[in-house]
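One-letter residues, chain by chain:
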Amino acid sequence: MRILIQKFGGTSLSTDHAREHVIHHITRERSNGFAVVVVVSAMGRKGDPYATDTLLQVIRDNGNSLPARERDMLLGCGEIISAAALCSLLIANGISSVVLTGGQAGMITDEQYGHARIKEIRPDKVLTHLRAGTVVIVTGFQGSTIHGDTTTLGRGGSDTSATALGAALRAEMVDIYTDVNGILTADPRIVEEAKPLPVVSYAEICNMARQGAKVIHPRAVEIAQQARIPLRVRSTFSNETGTLVTDSAELKAELSVKDRHVTGIAHVSGITQISVKAIEGRNDVQLQVFQSMAKHHISVDFINVTPSGAIYTVFDHDATRAVDVLQEAGFSPSAINGCAKVSVIGGGMNGEPGVMARIVEALTEQGISIMQSADSNTTIWVLVREADMAEALRSLHAKFELHR
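In what follows, the accompanying structure is described. Since the structure is predicted, the reported quantities are computational estimates derived from the model, not experimental observations.

## Remarks on a nonpolar patch on the surface
A surface patch of nonpolar side chains, about 190 Å² in accessible area, is lined by Met356, Val360 and Ile370. Secondary-structure assignment places Ile370 in the loop between helix H12 (355-365) and strand S17 (372-375). Overall, Ile370 belongs to the partly exposed group, its relative accessible area being 32%.

The following block contains the structure:
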């Protein structure tokens, strides 16, 4: 069998009009000769009746004391409703269809309720239905312990369900359908010249996802990369092929994609920069600072360590607590909130001279100060004031000619 995985997010299932497009995509791929597995998220977003955030509000409104196991039982209901509605529509359109929960589809996880990890997949039941010519609808975001208890995989879990099933079934492709036509060079709400990318590498999209581009969960991409399964990020509301995610030189050549230094620009706002200076006579500043953050479950990022101290960032909502913790440890930290992390991402920048110079040039031309920087093989990060973030994104996008 030629197996194709199609994953549809909440906005793709939230209205009658959207579900008509979903039926169209399923029908088209069946006519193209694929055995189709459809992975679904809960319908809609916060405020909609069956969205995950709405179900979480049910817990808050009723004592807010539900244990983690029972919480996962409730949160799995949104995907079950989506799957049942889609199954009914497919059958009404003359297409044989069946619904399987994550556990019934063979998704075996550990017992970390709320953020379970997949241990193995036993897809025998899925394959049986596919061989019978049936469309298999699987509830995303959820699995089952070996004892049969429902678990959820955390935010972005439906993407993970789709690529994990793709790996287990040796699918030809995994299509992630969303409300945008692929992956763009930047956030189009800020950079009007942002354009869709025809192809990106696994590493590039992982970095873009981690740095604020909320198109696909990085954990899902990592699974696809390990299994060497191509992904496509596509719009539910068009027939365009969207963005291909692959490292395959053959597929890139087929699309006539040339190597580029920079692929896209991403951003994360709501960040506070914290600076801690060493105390004379003490050489344990770094140890004490980061042990204190870990002890109080404060996530740190953008870390620069020197003999004279440490500079790092936390989210604004953790900033006051972080400063209090440091003061209790005997330090006198300084904090600058209202910052943003801007990331310049590209698989072709490794070993390429001049990329940082162009970043500095672009920001200097706009009078934007760089408060901190760091780099990896595929990403250069700069910290700027949040008030400068939009102009920083636009100037970097223009400097690297990503609109072309």
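The discussion continues.
## Focus: unusual backbone geometry
Despite not being glycine, Arg228 has its phi angle at roughly 60 degrees, a positive value. Locating Arg228 in the fold gives a position in the loop between helix H8 (218-227) and strand S11 (231-235). Even without glycine at this site, Glu401 takes up a positive phi of about 55 degrees. Position of Glu401 among the secondary structure elements: in the segment after helix H13 (389-399). Judged by its relative accessible area of 39%, Glu401 is partly exposed.

## Concerning the sheet that holds strand S12 (residues 243-245)
What the eight strands build is an open sheet, ordered S3-S6-S2-S1-S9-S11-S12-S10; its pairing is mixed. Only two strands of the sheet have a single partner each, and these edge strands are strand S3 (97-100) and strand S10 (199-200). Bridge count for strand S1 (residues 3-8) against strand S9 (residues 173-178) is five bridges, and the pairing is parallel. For Leu4, the partnering residue across the bridge sits in S9 and is Met173. Together, strand S2 (35-40), S3 and strand S6 (135-139) form the strand contacts of helix H4 (residues 77-92), whose direction differs from that of S6 by roughly 165 degrees.

## Digging into the sheet that holds strand S18 (residues 379-385)
The six strands lie next to each other as S14-S15-S13-S16-S18-S17, forming an open sheet whose pairing is antiparallel. The open sheet has two edge strands with one neighbour each: strand S14 (301-306) and S17. Between one strand and the next, the sheet's axes are offset by a mean angle of 30 degrees, whatever the strand orientation. Note: S17 against S18, four bridges, orientation antiparallel. In the strand pairing of S18, Ala374 is matched with Trp381. Of the strands in this sheet, strand S16 (334-345), S17 and S18 touch H12, which is tilted by about 20 degrees from S18. Packing against the sheet, H13 makes contact with strand S13 (264-277), S16 and S18, and its axis sits at approximately 130 degrees to S13.

## Describing the pairing of S11
Of all five residues making up S11, five are buried, and the element is well covered by its neighbours. Burial along S11 is two-sided: the face carrying Leu231, Val233 and Ser235 and the face carrying Arg232 and Arg234 are both buried. Across five bridges, S9 lies against S11 in parallel orientation. Considered in S11, the bridge of Thr178 is made with Ser235. One ladder, built from three bridges, connects S11 with S12; its direction is antiparallel.

## Digging into the layout of surface pockets
Quantified by volume, the largest pocket comes out at close to 1,500 Å³. Taken together, 46 residues form the lining of the largest pocket, with Arg45, Thr178, Lys214, Val215 and Ile216 sitting closest to its centre. Where the lining of the largest pocket is concerned, the elements lending two or more residues are helix H2 (52-60), helix H6 (157-169), S9, helix H7 (202-210) and S13. Ranked by residues supplied to the lining of the largest pocket, first place goes to S13 with five residues.

## A word on the packing of aromatic side chains
All told, the structure shown has two aromatic pairs when counted by the stated rule. When the ring of Phe8 is compared with that of Tyr177, the centres are 4.6 Å apart and the planes differ by 15 degrees; the resulting orientation is stacked. In this pair, Phe8 sits in strand S1 while Tyr177 sits in strand S9, placing the two residues 169 residues apart along the sequence. As far as burial versus exposure is concerned, Phe8 and Tyr177 are alike and both buried. Stacked on the ring of Phe34, the Lys or Arg Arg2 has its end atom at 4.1 Å from the ring centre. Between the NZ or CZ atom of Lys341 and the centre of the ring of Phe302, over which it lies, the distance is 5.6 Å.

Analysis parameters
Residues numbered from 1 in each chain as written. Predicted model: local features only at pLDDT ≥ 70, side-chain atom pairs only at ≥ 80, totals over all residues. Heavy atoms only, no water. Patch = residues over 30% accessible without salt bridge, like charges linked within 9 Å, V, L, I, M, F, W, Y side chains within 5 Å. Areas by Shrake-Rupley, 256 points an atom, 1.4 Å probe, with all protein chains shown as cover. Salt bridge = Lys/Arg side-chain N within 4 Å of Asp/Glu carboxyl O. Helix = DSSP H or I, 4+ residues; strand = E, 2+ residues; numbered from the N terminus. Buried < 20%, exposed > 50% of the residue type's maximum accessible area, 1.4 Å probe, protein only. Pairing = 2+ DSSP bridges. Contact = heavy atoms within 4.5 Å. Axes fitted to C-alpha atoms, helices over the stretch in contact; angles between N-to-C directions. 1 Å grid on protein atoms, 1.4 Å probe; cavity = no way out; pocket = protein on both sides within 12 Å on 5 of 7 lines; lining within 4 Å. Points joined across faces, edges and corners; volume = space filled by probe spheres on them. Phe/Tyr/Trp six-rings, centres within 6.5 Å; stacked < 30°, edge-to-face > 60°. Lys NZ or Arg CZ within 6 Å of the ring centre and 35° of its normal.

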